[in-house]
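Reading the structure
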Amino acid sequence: MANQHLSTLKVAILVTDGFEQVEMTQPQQALKQAGAETHIVSPKPDRVQGWNHFDKGDFFPVDISLVVRQVNLAG
């Protein structure tokens with residue numbers, strides 16, 4: 001049985017296209033095994049693509065899309 005000491009936590013994993021895949025998937029797996037609920041958060045609306053060193057990697061669905069708004073600072 002997996003250790004559930006993080007079962008009350010929700011963890012946002014903030015990524016966009018071009019991240020090193022293993023740097024997201026291994027921590028995500030460890031968090032899930034410890035009982036945490038993880039969500040991929042991105043400025044991209046549907047999916048993000050990782051990289052394996054110099055090669056394109058897998059696509060991952062975005063759970064929560066950030067809304068990016070431009071602000072007119074000129075007034």
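So, a few notes on the structure that sits alongside this text. Model, not experiment: these values are computed from the prediction.

1. Overview of the side chain of T38
- Structurally, T38 is set in strand β3 (residues 37-42).
- In this structure the side chain of T38 is engaged in a polar contact, spanning 3.4 Å, whose partner is the side chain of Q28.
- Those residues in contact with T38, other than ones at most four positions away along the chain, are V11, I13, Q28, L31, K32 and D63.

2. Considerations on the environment of T38
- Its relative accessible area of 10% is what places T38 among the buried residues.
- Along the backbone, T38 and G57 are 19 residues apart, and their C-alpha atoms lie at a distance of 20 Å.

3. Here we look at unusual backbone geometry
- At H53, a residue that is not glycine, the phi angle is positive and equals roughly 60 degrees.
- For H53, the position within the fold is in the loop between β4 (47-52) and β5 (55-61).

4. A short note on the packing of aromatic side chains
- For the structure on display, the rule yields 1 aromatic pair.
- Ring geometry for F19 against F60: centres 6.0 Å apart, planes inclined by 50 degrees, an arrangement best described as tilted. Note that F19 is positioned in strand β2 (residues 19-20) and F60 in strand β5, a separation of 41 residues in sequence.
- The positively charged end of R47 is found above the aromatic ring belonging to F59, 3.7 Å away from the centroid.

The rules we used
Residues numbered from 1 in each chain as written. Predicted model: local features only at pLDDT ≥ 70, side-chain atom pairs only at ≥ 80, totals over all residues. Heavy atoms only, no water. Helix = DSSP H or I, 4+ residues; strand = E, 2+ residues; numbered from the N terminus. Polar contact = N/O pair within 3.5 Å; in protein donor to acceptor, adjacent residues only side chain to side chain. Contact = heavy atoms within 4.5 Å. Buried < 20%, exposed > 50% of the residue type's maximum accessible area, 1.4 Å probe, protein only. Phe/Tyr/Trp six-rings, centres within 6.5 Å; stacked < 30°, edge-to-face > 60°. Lys NZ or Arg CZ within 6 Å of the ring centre and 35° of its normal.

Shape descriptors only; they carry no functional weight alone.
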